[in-house]
Amino acid sequence: MLQWLRRKREPATTGAGDTDVAALSEAFPPQEICWRADASLPLPDWHQQPWPEEGDADTLHRHANGSAAAWLDATAAALTDRYARAESANFMLLSALEPRATRVLLDYLERSRKRVLAALAGIAADQGHGKTVVMVFGEEDLYYQYIANYSSDSSQPEAHSSGMFIDAGYGHFVFTQSGFEIMEPIVVHEMTHCLVRHLQIPAWLNEGLAVNTEHRFVPVRPRYRPNELEYLFANFWDASTIQEFWSGKSFLRPDDGQALSYELAGLLAQLLGKDYEVLTRFCEAASFQDGGEGAAKTILGMGLEDFAAIVLGPGAWKPSPALWTDGTEKGQF
């Protein structure tokens, strides 16, 4: 993984007011890009991409931005002439939005970044070099075409997705263009993933943090009524499906199990968040390799079986990593 390409540095002082897209665009040094031969759209092969062996933060920042700008410009050229690159202090955006809508979205990205960092102080962090890349696709088919380039198994049924943080090479997030009232919660959700990517937390905690932060800043009507959720939990979660949850694979299900995974993750993260110090320590210690079991025993004084029982009631909820033959996930779906 190219560590210096992972994220962005602290923002430059811009003077205040609305984002001035033109004023904040930088003259990036041109970069030679090693492109993936198997991709349906221009995608750099970050493992082959040359980068400076050393240099100060500003040099690495500019080099990362140069690579990102070349990547987005090539992608724009491969799409319709409506797509263009625009920037703010901390973000590089590719979209087909009109100029005013572009400005509004960049402003919202900047505000959301500050709010997530404040809400998850001591957990979220802004690390690495290069502006955060955001892609907004005007067509759903194009969105799915793009994210398919990062799929490891095209034979599996495709789970529904409205947005995704892709932690591969140069971390970036993508979503489809829609009304701002729809894009706003997606931005906050994916921003949270972006700012906790340095942690080794399991998928359920990653998604739980993202769901709860999203709901904190963009209140939405609950998907299920409490009695309905209790019924659905009782009929879905068992000794088998809970292993998918702890390993992270249930978040990739194409059925209702995906939504129920997000619901359970949000409730468990809420329990941890009742004591923010405990939540912070748990995020520091939890590992996706055991689903967070070791951290639960050390910090909560109980295993995840007893922790999950607070929400699900008594049951065979203990994580069993030996059963996770399909591997584990870290979240950021």
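Residues numbered from 1 in each chain as written. Predicted model: local features only at pLDDT ≥ 70, side-chain atom pairs only at ≥ 80, totals over all residues. Heavy atoms only, no water.

**As for the overall build of the protein chain**
And then number 1: Counting secondary structure elements, the protein chain contains 12 helices and 5 strands.
And then number 2: At a minimum sequence separation of 6, the contacts of the protein chain that also span at least 24 residues come to 71%.
And then number 3: Carbon and sulfur atoms make up 50% of the accessible area of the protein chain, which amounts to about 15,400 Å² in all. (Helix = DSSP H or I, 4+ residues; strand = E, 2+ residues; numbered from the N terminus. Contact = heavy atoms within 4.5 Å. Areas by Shrake-Rupley, 256 points an atom, 1.4 Å probe, with all protein chains shown as cover.)

**Side note on the sheet that holds strand β2 (residues 91-95)**
And then number 1: Across the sheet, 5 strands lie side by side as β1-β2-β3-β5-β4; this open sheet has mixed pairing. Each having just a single partner strand, β1 (84-87) and β4 (163-166) make up the two edges of the open sheet. This sheet shows a mean twist of 20° between the axes of neighbouring strands, independent of strand direction.
And then number 2: Pairing of β4 with strand β5 (residues 172-176) involves 4 bridges; the strand directions are antiparallel. Paired with F165 across the two strands is F173, which belongs to β5.
And then number 3: The sheet contacts of helix α3 (residues 99-119) involve β1, β2, β3 (132-137) and β5, and relative to β2 the element is tilted by about 140°.
And then number 4: Most of the contacts of helix α5 (residues 180-195) go to β5, to which it runs at about 160°, and overall it touches β2, β3, β4 and β5. (Pairing = 2+ DSSP bridges. Axes fitted to C-alpha atoms, helices over the stretch in contact; angles between N-to-C directions.)

**Things to note about the nonpolar core**
And then number 1: Judged by nonpolar contacts, the single largest core of 63 residues is most densely connected at L109, W204, L205, W237, F245, W246 and F282.
And then number 2: With 7 residues, the single largest contributor to this core is α5.
And then number 3: When sequence neighbours within four positions are dropped, the list of residues in contact with F245 reads W204, W237, S250, F251, S261, L264, A265 and L268.
And then number 4: Judged by nonpolar contacts, the second largest core, of 26 residues, contains L79, V133, L142 and Y146. (Core = buried A, V, L, I, M, F, W, Y, C linked by side-chain atoms within 4.5 Å. Buried < 20%, exposed > 50% of the residue type's maximum accessible area, 1.4 Å probe, protein only.)

**A closer look at the environment of L268**
And then number 1: Tracing the sequence through the fold places L268 in helix α9 (residues 256-273).
And then number 2: C-alpha separation for the pair L268 and A308, spaced 40 residues apart in sequence, amounts to 7.2 Å.
And then number 3: What L268 contacts, discounting residues up to four positions off in sequence, is W204, F245, W246, F307, A308 and V311.

**Here we look at helix α7 (residues 226-236)**
And then number 1: Regarding α7, the residues found buried are L229, F233 and F236. The buried residues of α7 occupy one face: seen down the axis, they fall within an arc of 80°. Along α7, exposed side chains directed more than 90 degrees from the buried face belong to N227, E230, Y231, A234 and N235.
And then number 2: Of the surrounding secondary structure, the elements contacted by the buried residues of α7 are α8 (241-247), α9 and α12 (304-312). (Arc of directions from axis to C-beta.)

**Notes on the confidence of the model for the protein chain**
And then number 1: Per-chain confidence: the protein chain averages 89 in pLDDT, with 88% of residues scoring 70 or above.
And then number 2: pLDDT under 50 marks residues 1-25. Its contacts with residues more than four places away, or in other chains, come to 81 contacts. (pLDDT = per-residue confidence, 0-100.)

**Remarks on α9**
And then number 1: Spanning 18 residues, α9 covers 26 Å between terminal C-alpha atoms, matching the ideal 26 Å at 1.5 Å per step.
And then number 2: Regarding α9, the residues found buried are G257, Q258, A259, L260, S261, L264, A265, G266, L268, A269 and L272.
And then number 3: Buried residues along α9 sit in contact with α6 (203-217), α7, α8, α10 (276-285), α11 (293-300) and α12.
And then number 4: Capping the start of α9, D255 holds a side-chain oxygen 2.9 Å from the backbone nitrogen of G257, two or three residues further along. (Expected span 1.5 Å × (residues − 1). Polar contact = N/O pair within 3.5 Å; in protein donor to acceptor, adjacent residues only side chain to side chain.)

**Some words on the pairing of β2**
And then number 1: Where burial is concerned, most of β2 is hidden: 5 out of the 5 residues are buried.
And then number 2: Two strands pair when backbone bridges link them, and β1 and β2 are joined in this way by 4 bridges, in the antiparallel orientation. In the sheet register, A86 faces β2, and the bridge partner there is L93.
And then number 3: Count of turn residues in the β1/β2 antiparallel hairpin: 3 residues.
And then number 4: Viewed along the sheet, the connection from β2 through α3 into β3 turns out left-handed. (Right-handed = clockwise from strand over helix to strand, strands pointing away.)

**Digging into the packing of α10 against α11**
And then number 1: Packing of α10 against α11 brings their axes to within 9 Å, and their N-to-C directions diverge by 145°. The crossing of α10 and α11 is right-handed. Every residue of α11 that contacts α10 at V278, R281, F282 and A285 is listed here: A295, A296, I299 and L300.
And then number 2: Here the residues of the contact of α10 with α11 sort into 7 nonpolar, no polar and 1 charged. (Left-handed = near helix turned anticlockwise from the far one by under 90°. Nonpolar A, V, L, I, M, F, W, Y, C, P; charged D, E, K, R; others polar.)

**Comments concerning the packing of aromatic side chains**
Pairs of aromatic rings are described using the distance from one ring centre to the other and the angle between the two planes.
And then number 1: All chains considered together, the criterion is met by 16 aromatic pairs.
And then number 2: Relative to Y170, the ring of W46 has its centre 5.7 Å away and its plane inclined at 45°; by these criteria the two rings are tilted. One end of the pair, W46, is in the loop between α1 (21-24) and α2 (57-78); the other, Y170, is in the loop between β4 and β5, with 124 residues separating them in the sequence. As far as the burial class goes, W46 and Y170 line up, both buried.
And then number 3: By the ring-pair criterion, three or more aromatic residues cluster together here, those being W204, F236, W237, F245, W246, F251, Y262, F282 and F307.
And then number 4: Against the face of Y150 rests R36, its NZ or CZ located 5.9 Å from the ring centre. (Phe/Tyr/Trp six-rings, centres within 6.5 Å; stacked < 30°, edge-to-face > 60°. Lys NZ or Arg CZ within 6 Å of the ring centre and 35° of its normal.)

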